[in-house]
Amino acid sequence: MRVILAQPRGFCAGVVRAIEIVERAIDKFGPPVYVRHEIVHNRHVVESLKAKGAQFVEELDEVPAGAVTIFSAHGVSRAVEDDAEGRGLQVIDATCPLVEKVHLEGQRYAARGREVVLIGHAGHPEVIGTIGQIPGTVHLVSKVEDVAKLKIAHPDQLAFVTQTTLSIDDTRQIVDALRARFPGIVGPNTKDICYATQNRQVAVRELAELADAILVIGASNSSNSNRLRELAEERGVPSYLIEGVEALDWSWLSGVETLGITAGASAPERLVQELIDALGKFTDIQVSVLPGREEHTHFRLPAQLA
Ligand code: SF4
């Protein structure tokens, strides 16, 4: 079986930074450090940080007063920031700078008196955080049909921003629908979708041209991983999202001559290698990597840890 790996795949700069923040905070302040929500959407990452001394909590009332507390890469609302301050927590913010950029955009639009439409998925932590960072009314739109249902007080004073991990194609359709209904709307087109999401989507499209089936390594609650699976599936290639090799159903590989593999932005490369090792024990494999695009993005650590 030919096995082709997408390039790029796996960790993005925001995830690398968030993990490094937790590790450095443990080194500097000693365990435990408290992390609100999964630092990134990956159980393997969370377990390995737990073993090093991170304690994961859902809400800040689980954190002792004054303790070192890390906000996840997805970002948090103003209310959570204020709550942390009220509790005297020593906060280190691992929000990805590209999520923060969307917060700032939304805040700028609101400051100019615009209502803001956020294109994103209801209930995702990034979306909850972004809505809570933008003062005034924020309308959430997840699909094209939602655009017709919007009730806007001043359609000539409207702006949009987007979640960072959406499908480029779906988002473009929603933006087109918004522009058709509200010609005066302003916004970044699909530029809020981060470089890592875009690059991984381009790579999985190339992979779908070559593969009979595609495995996407990533968590079921990882937005960018789900989008990769959907994209491949939309191109007619059977595609499966798995957390790791243990979730592989070997019957999926029946009749597959060329298997494509990619990984979401929060999935460690170790999981890809474990999958390849298992495939190698199952059958003869020839592994190659698509040329793809090299990534050199690197984000600075917060001042407390730099
Ligand atoms: S997927 Fe994009 S926005 Fe999310 S952490 Fe990675 S670089 Fe940042």
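Per-chain numbering applies: the sequence of each chain, read as written, is numbered from 1 onward. For this predicted model, a pLDDT threshold of at least 70 governs which residues receive local features, and a threshold of 80 or more governs which side-chain atom pairs are given and counted, while totals over whole chains, interfaces and linings are taken from all residues. By convention in this description, side-chain values take in all heavy atoms of the structure and omit both hydrogens and water.

Draft legend 1. Spotlight on empty space enclosed by the protein. A 1.4 Å probe that fits but cannot get out identifies a cavity on a 1 Å grid over protein atoms alone, an open set with protein on both sides within 12 Å along at least five of seven lines counts as a pocket, and a residue lines either if it has an atom within 4 Å of a point. Grid points are joined across faces, edges and corners, and a volume is the space filled by probe spheres set on the points. Inspection of every chain in the model, using the stated rule, returns one cavity of 30 Å³ or more. For the lining of the largest cavity, the leading source of residues is helix α8 (residues 195-210), giving five residues. We call Asp, Glu, Lys and Arg charged. Ala, Val, Leu, Ile, Met, Phe, Trp, Tyr, Cys and Pro are nonpolar, and the rest, Gly among them, are polar. Per-class residue counts for the lining of the largest cavity are 14 nonpolar, 12 polar and two charged. The numbering of helices and of strands both runs from the N terminus, where a helix is a DSSP run of H or I of at least 4 residues and a strand a run of E of at least 2.

Draft legend 2. Inspection of the site of the ligand at higher detail. Throughout this document, a residue counts as near a molecule or strand when at least one of its heavy atoms sits within 4 Å of that molecule or strand. Taken together, the residues surrounding the ligand are C12, G14, C96, V99, T164, T165, C194 and Y195. Here the ligand is seated within the largest cavity. Class assignment of the residues belonging to the shell around the ligand gives a composition of five nonpolar, three polar and no charged. Pocket or cavity membership: a molecule qualifies when more than half of its atoms sit within 2 Å of the grid points of that site.

Draft legend 3. Structural context of the environment of T69. Mapped onto the elements of the fold, T69 is located in strand β4 (residues 68-71). Partly exposed describes any residue whose relative accessible area lies between the buried limit of under 20% and the exposed limit of over 50%, with all areas from a 1.4 Å probe on protein chains only and scaled to the type maximum. Note on T69: relative accessible area 0%, which makes it buried. Considering only alpha carbons, one finds T69 and L89, 20 residues apart in sequence, at a separation of 6.4 Å. The contact criterion used is simple: two residues touch if any of their non-hydrogen atoms lie within 4.5 Å. In this structure, T69 is in contact with Y34, L60, V63, L89, Q90, V91 and I92, ignoring residues within four places of it in sequence. Within the local environment of T69, its side chain forms a polar contact with the backbone oxygen of A67, the two atoms lying 3.1 Å apart. We call two N or O atoms a polar contact when they sit within 3.5 Å, provided that within protein one can donate a hydrogen and the other can accept it, with sequence-adjacent residues counted only if both atoms are side-chain atoms.

Draft legend 4. The packing of aromatic side chains, seen in detail. Pairing of aromatic rings covers Phe, Tyr and the six-membered ring of Trp, with a centre-to-centre limit of 6.5 Å; geometry is then stacked below 30 degrees between planes, edge-to-face above 60, and tilted otherwise. Applying the stated criterion across every chain, the model contains two aromatic pairs. Measuring from centroid to centroid gives 4.0 Å for Y240 and W252, while their planes differ by 5 degrees, and the two rings are stacked. Placement of the pair is Y240 in strand β10 (residues 239-242) and W252 in the loop between β10 and β11 (258-263), with a sequence separation of 12 residues. With centroids separated by 4.5 Å and ring planes inclined at 35 degrees, the aromatic side chains of W250 and F282 adopt a geometry described as tilted. Pair noted here: W250 is in the loop between β10 and β11 and F282 is in helix α10 (residues 269-282), with a separation of 32 residues, a long-range link. Looking at F282, the relative accessible area reads 44%, which means it is partly exposed.

Draft legend 5. Spatial organisation of the packing of helix α1 (residues 13-29) against helix α2 (residues 43-52). Every angle, taken between N-to-C directions, lies between 0 and 180 degrees, and every axis is a line fitted to C-alpha atoms, over only the stretch in contact when it is a helix. Remark: α1 packs on α2, axes separated minimally by 10 Å, with the N-to-C direction vectors making an angle of 10 degrees. Between α1 and α2, the crossing angle belongs to the class labelled roughly parallel. For the pair α1 and α2, the contacting residues are I19, V22, E23 and I26 in the first and V45, L49 and K52 in the second. Taken together, the residues of the contact of α1 with α2 sort by class into five nonpolar, no polar and two charged. Angle categories are assigned with fixed cut-offs, so that under 35 degrees is roughly parallel, over 145 is roughly antiparallel, 65 to 115 is roughly perpendicular, and the rest are oblique.

Draft legend 6. Structural detail: the sheet that holds strand β2 (residues 33-36). Should DSSP find at least two bridges between two strands, the strands are taken to pair. The four strands lie next to each other as β3-β2-β4-β5, forming an open sheet whose pairing is parallel. The open sheet has two edge strands with one neighbour each: β3 (54-57) and β5 (90-93). Averaged over all adjacent pairs, the angle separating strand axes in this sheet is 30 degrees, with direction ignored. One ladder, built from four bridges, connects β2 with β3; its direction is parallel. By the bridge assignment, V35 is partnered in β3 with F56. Contacts between α1 and the sheet are confined to β2, β3, β4 and β5, with β5 contributing the most and set at about 150 degrees to the helix.

Draft legend 7. Quick look at the pairing of β4. Of the two faces of β4, the one carrying V68 and I70 and the one carrying T69 and F71 are both buried. Note: β2 against β4, three bridges, orientation parallel. Paired with R36 across the strands is F71, a residue of β4. As paired strands, β4 and β5 are joined by four bridges and run parallel to one another. If you follow I70 over to β5, its bridge partner there is I92. Handedness of the β-α-β unit built from β4, helix α3 (residues 78-86) and β5 comes out right-handed. Here a crossover is taken to be right-handed if, once the strands point away from the viewer, the path from the first strand over the helix to the second is traced clockwise.

Keep in mind that these numbers describe shape and distance, not what the molecule does.
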